[in-house]
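# Geometric and topological summary
Below, each chain spelled out in residue letters.
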Amino acid sequence: MEYLIGIQGPDFVLVAADNVAASSIIQMKHDYDKMFKLSEKILLLCVGEAGDTVQFAEYIQKNVQLYKMRNGYELSPTAAANFTRKNLADYLRSRTPYHVNLLLAGYDEAEGPGLFYMDYLSSLAKAPFAAHGYGAKRFILNLPSFTVRLIDKDGIHDMEKLTLSGEMARPMKATFYPAA
Amino acid sequence: SGVCTRSCKERGKDIVVLGVEKKSVAKLQEERTVRKICALDEHVCMAFAGLTADARIVINRARVECQSHRLTVEDPVTVEYITRYIATLKQRYTQSNGRRPFGISALIVGFDYDGTPRLYQTDPSGTYHAWKANAIGRSAKTVREFLEKNYTDEAIAGDNEAIKLAIKALLEVVQSGGKNIELAVIRRNQPLKILESKEIETLVAEIEKEKEEEAEKKKQKKST
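What counts as what
Residues numbered from 1 in each chain as written. Chains lettered and ligands numbered in written order. Predicted model: local features only at pLDDT ≥ 70, side-chain atom pairs only at ≥ 80, totals over all residues. Heavy atoms only, no water. UniProt positions renumbered as here; feature names shortened; annotations may be inferred. Core = buried A, V, L, I, M, F, W, Y, C linked by side-chain atoms within 4.5 Å. Buried < 20%, exposed > 50% of the residue type's maximum accessible area, 1.4 Å probe, protein only. Helix = DSSP H or I, 4+ residues; strand = E, 2+ residues; numbered from the N terminus. Contact = heavy atoms within 4.5 Å. Axes fitted to C-alpha atoms, helices over the stretch in contact; angles between N-to-C directions. Parallel < 35°, antiparallel > 145°, perpendicular 65-115°, else oblique. Left-handed = near helix turned anticlockwise from the far one by under 90°. Nonpolar A, V, L, I, M, F, W, Y, C, P; charged D, E, K, R; others polar. Salt bridge = Lys/Arg side-chain N within 4 Å of Asp/Glu carboxyl O. Patch = residues over 30% accessible without salt bridge, like charges linked within 9 Å, V, L, I, M, F, W, Y side chains within 5 Å. Areas by Shrake-Rupley, 256 points an atom, 1.4 Å probe, with all protein chains shown as cover. Lys, Arg positive; Asp, Glu negative; His and termini not counted. Charge placed at Lys NZ, Arg CZ, Asp CG, Glu CD. Buried area = accessible area lost by both parts, 1.4 Å probe. Polar contact = N/O pair within 3.5 Å; in protein donor to acceptor, adjacent residues only side chain to side chain. pLDDT = per-residue confidence, 0-100. Pairing = 2+ DSSP bridges.

Under the annotation held in an unreviewed UniProt entry, chain B carries the name Proteasome 20S subunit alpha 8 and is attributed to Nothobranchius furzeri. Turning to chain B, the UniProt record has this under Subcellular location (unreviewed entry): "Nucleus".

Naming follows an unreviewed UniProt entry, where chain A appears as Proteasome subunit beta of Nothobranchius furzeri. In its Function (unreviewed entry) section, UniProt records this for chain A: "Component of the proteasome, a multicatalytic proteinase complex which is characterized by its ability to cleave peptides with Arg, Phe, Tyr, Leu, and Glu adjacent to the leaving group at neutral or slightly basic pH. The proteasome has an ATP-dependent proteolytic activity."

This is the structure:
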């Protein structure tokens, strides 16, 4: 199953996507890139119906570039996200809706980093962390509401101090940002 | 009638240079440069002479076509393709009901995907031709004659030389010198760069110096 993950940091957004293009049980490609560069500082991650994903993402990509050519400066991430959502919404109640789930990650000089979650029903939410796919339910937790422990070959571990640098020594564990 | 700028363009080996005469603004008018040079895509740009309002329409259509081409064909436009598109657009308006032709001549420059520099000119009739160097607008003939005399392989040997040649050509007809010249360059694999007035002033000063040195040499030759 395809999944996308995004995490916003103090001055960056980190995104990841799987590299598999599957057709039912067969992996057709394992080097498939699901990230589309909209502009110098905006990435669009797109999963969903085969065909719809690329068609929709490339359409948004070219329109963002057109804005740059017309106006001499690039769209901000917020503007790009809203433009994308509007397009998705317009097509939703047509005969040809796009069945795509998106994460839009961008950095703006004025607003800082931004991660936007969009789904095929054209909902839009700016969030500090987000994901699509089965990965969504497994890895993103609002940690203060949970007690989290990890079990691996070394035994049971509490995960109190969760920072990016702290966990570098243990490559097999997932790394998290503590919520807020 | 209605042409109000002069632009001159030429093609070097790794650079294409576009120069236009800036229209002087009224006292109370903001000196926001009326851009006669516009980027159509990252590797193509165009300068025009004529009705600015008509140019806006043509440029917008060309920009959309550049992105549309990238979307369908996954390749950037060649300079010839976008020139042909603009020329076809202009021609349609010469043969349609209730429309008037676009009142602009355009010079379209850029680099093709394979790295070749190109320069094309279109006019309101919808014809287009490729050029090595050209000028349009007021006193275009004078500028073109200057280019015909001075466009040699050594004159365009380097990027700086090509830029100076464009400035020299414009200085032939521009009244007040460097202040009224706007210059843009595209280098291979780099986006359009519009030169700052400081850089233009520096280059104009260099040209003046070279002219003086030439005149000195000639004087000495005559006297010996």
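Residue and element names in this part refer to chain B. Residues V17, I163, I167, I181, L183 and L195 are the most contacted members of the largest nonpolar core, which totals 28 residues. Those elements that place two or more of their residues in this core are strand 2 (15–21), strand 8 (133–137), helix 3 (140–150), helix 4 (159–171), strand 9 (181–187) and helix 5 (197–223). In terms of residue count, helix 4 provides more of this core than any other element does, eight residues in total. Apart from the residues lying within four places of it in its own chain, the contact partners of I167 are I181, L183, L203, V204 and I207. One finds A55, V58, A62 and F102 within the second-largest nonpolar core, a separate group that totals 20 residues.

So, on to the packing of helix 3 of chain B against helix 4 of chain B. Residues and elements named next belong to chain B. In the contact formed by helix 3 and helix 4, the axes pass within 9 Å of each other and the chain directions differ by 140°. It follows from the interaxial angle that helix 3 and helix 4 lie oblique. For helix 3 against helix 4, the interelement crossing comes out right-handed. Side by side, helix 3 and helix 4 meet where V143, F146, L147 and N150 of the first sit next to L165, K168 and A169 of the second. In terms of residue class, the contact of helix 3 with helix 4 is made up of five nonpolar, one polar and one charged.

Residue and element names in this part refer to chain A. Applying the stated criterion to the full structure yields 18 salt bridges over all chains. The partner of K41 in a salt bridge is E109, and the shortest N-O contact between them spans 2.9 Å. With K41 in the loop between strand 5 (35–39) and strand 6 (42–48) and E109 in the loop between strand 7 (100–108) and strand 8 (112–118), the pair connects residues that are 68 residues apart, well separated along the chain. Given a relative accessible area of 41%, K41 falls into the partly exposed group.

Attention now moves to a negative patch on the surface. Residues B:E208, B:E212, B:E213, B:E214 and B:E216 make up a contiguous surface patch of negative charge. Here B:E214 is to be found in helix 5.

This part covers a positive patch on the surface. A contiguous patch of positive charge, built from B:K217, B:K218, B:K221 and B:K222, is present on the exposed surface. Mapping B:K217 onto the fold places it in helix 5.

Here we come to the interface of chain A and chain B. In this assembly, eight residues from chain A lie in contact with eleven residues from chain B. Of the roughly 890 Å² buried at the junction of chain A and chain B (both faces included), carbon and sulfur atoms supply 59%. If you sort the residues of chain A by the area they bury against chain B, A:K62, A:M69 and A:R70 come out on top, with a joint share of 62%. Put simply, chain A and chain B have one salt bridge between them. B:E42 is the salt-bridge partner of A:K68, the closest N and O atoms lying 2.8 Å from each other. Counting the contacts that link chain A with chain B gives three residue pairs in polar contact (both at pLDDT 80 or more). Here the side of chain A that touches chain B is built from residues that sort into three nonpolar, one polar and four charged.

Turning to the confidence of the model for chain B, a few remarks are in order. Detailed reading of the predicted model is not advised wherever pLDDT is low. Residues and elements named next belong to chain B. Chain-level pLDDT for chain B is 86 on average; 93% of the residues reach the 70-or-more range. Per-element averaging of pLDDT across chain B places strand 1 (residues 6–11) at the bottom with 60 and helix 2 (residues 79–92) at the top with 96. In this model residues 1–6 is a low-confidence stretch, pLDDT under 50, and it forms 24 contacts with partners more than four residues away in sequence or in other chains. Among the scores for the predicted complex, ipTM is 0.80 and pTM is 0.81.

Residues and elements named next belong to chain A. Spatially, the three strands line up as an open sheet ordered 2-1-10, and their pairing is antiparallel. Every interior strand has two partners, whereas the edge strands, strand 2 (13–17) and strand 10 (129–132), have only one. Taking the axes of each pair of neighbouring strands and ignoring which way they run, one obtains an average angle of 5° across the sheet. Bridging between strand 1 (residues 4–8) and strand 10 involves four bridges; their strand directions are antiparallel. Bridged to G6 within strand 10 is A130.

Another aspect to go through is the environment of A:L124. All names here are of chain A. Turning to its location among the elements, L124 is positioned in strand 9 (residues 124–126). The spacing of L124 and N82 is 42 residues in sequence and 7.8 Å in space, taken between C-alpha atoms. Among residues more than four places away in sequence, those in contact with L124 are A81, N82, R85, F116, Y117 and M118.

All names here are of chain B. Most of strand 6 (residues 117–122) sits out of view: five of its six residues are buried. Bridge count between strand 5 (residues 104–111) and strand 6: six bridges; the pairing is antiparallel. Within strand 6, the position partnered with G110 by the bridge is R118. Counted between consecutive antiparallel strands, the loop separating strand 5 from strand 6 contains five residues, among which G115 sits at a positive phi close to 95°. From the end of strand 6 to the start of strand 7 (residues 128–130), which pair antiparallel, there are five residues, and G126 there has a positive phi angle of about 105°.

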